[in-house]
Amino acid sequence: AQRVTQPEKLLSVFKGAPVELKCNYSYSGSPELFWYVQYSRQRLQLLLRHISRESIKGFTADLNKGETSFHLKKPFAQEEDSAMYYCALYFNKFYFGSGTKLNVKP
Amino acid sequence: GAGVSQSPSNKVTEKGKDVELRCDPISGHTALYWYRQSLGQGLEFLIYFQGNSAPDKSGLPSDRFSAERTGGSVSTLTIQRTQQEDSAVYLCASRIGGANTEAFFGQGTRLTVV
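Novice: Would you explain the environment of A:Ser12 in this entry?
Specialist: All names here are of chain A. Among the structural elements, Ser12 can be located in strand β2 (residues 10-14). A C-alpha to C-alpha distance of 4.7 Å links Ser12 and Asn103, two positions 91 residues apart in sequence. Residues within four places of Ser12 in sequence aside, it is in contact with Asn103 and Lys105.

Below you can see the structure in the form of structure tokens.
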């Protein structure tokens, strides 16, 4: 069965520090993977998708099929990155992880 | 054009009453999804529509929950005889379809059952 796991509920880092939000998935085929972000009092929005191999707001995510992981990384966190982050797998519907709250301290 | 629109933004209802939540997807988006977000929880899948059909309604918590979509556009999620555990933010999303396309979310309806 499809499943997405985000092991960290809360991640606190200082401004300028590197950050990595972990995501592991269960899926036997070629996955469609996404990272969504929800800033305070805003709607959930797409941050990036694995197929694009893009960097958005300094964030990147690499798909590792061997480890079934799709971790989100940023080398230097900013205070405005503080938000809730959800990893999602698409197979007929979106399977979301439980989310990681990122808190970037000044 | 406009994004996904949900109404009402907030709804306070008494236990036992019925409520209707509305979702206006982005024009042309064939797929529509309903999720529920409870405090401290992730996004819980409820149901999805492809056109007016619901191939997967496996996430509806009980038979008090139902949803429909008409004209391949607007969707309504109905909760009958609301209970306090139904209190949550109900999110709607739409998607144009095709590989690796994203879902666009509405701002949600915050339902409080008192």
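Novice: So what exactly am I meant to see when it comes to unusual backbone geometry here?
Specialist: Leaving glycine aside, a negative phi is the common case for residues, and trans is the common case for peptide bonds. Residue B:Pro8 follows B:Ser7 across a cis peptide bond; omega there is -10 degrees. If you check the backbone angles, A:Asn92 has positive phi at about 70 degrees while not being a glycine. One non-glycine residue, B:Asn100, lies in the positive phi region at around 60 degrees. Here B:Asn100 shows up in the loop between β9 (88-95) and β10 (104-105). Residue classification places B:Asn100 among the buried residues on the basis of a relative accessible area of 14%.

Novice: Which parts of the structure should I look at to understand the pairing of strand β9 (residues 83-91) of chain A?
Specialist: Regular strands show a simple pattern: their side chains alternate between the two faces of the sheet. All names here are of chain A. Summarising burial for β9: 8 of the 9 residues are buried, a large majority. Direction of pairing for strand β5 (residues 32-38) relative to β9: antiparallel, over a ladder of 7 bridges. Considered in β9, the bridge of Tyr36 is made with Tyr86. Note that β9 and strand β11 (residues 100-105) share 3 bridges and pair antiparallel. Bridge assignment links Met84 to a residue of β11, and that residue is Lys101. Pairing between β9 and strand β10 (residues 93-96): 4 bridges, direction antiparallel.

How each quantity is defined
Residues numbered from 1 in each chain as written. Chains lettered and ligands numbered in written order. Predicted model: local features only at pLDDT ≥ 70, side-chain atom pairs only at ≥ 80, totals over all residues. Heavy atoms only, no water. Helix = DSSP H or I, 4+ residues; strand = E, 2+ residues; numbered from the N terminus. Contact = heavy atoms within 4.5 Å. Buried < 20%, exposed > 50% of the residue type's maximum accessible area, 1.4 Å probe, protein only. Pairing = 2+ DSSP bridges.

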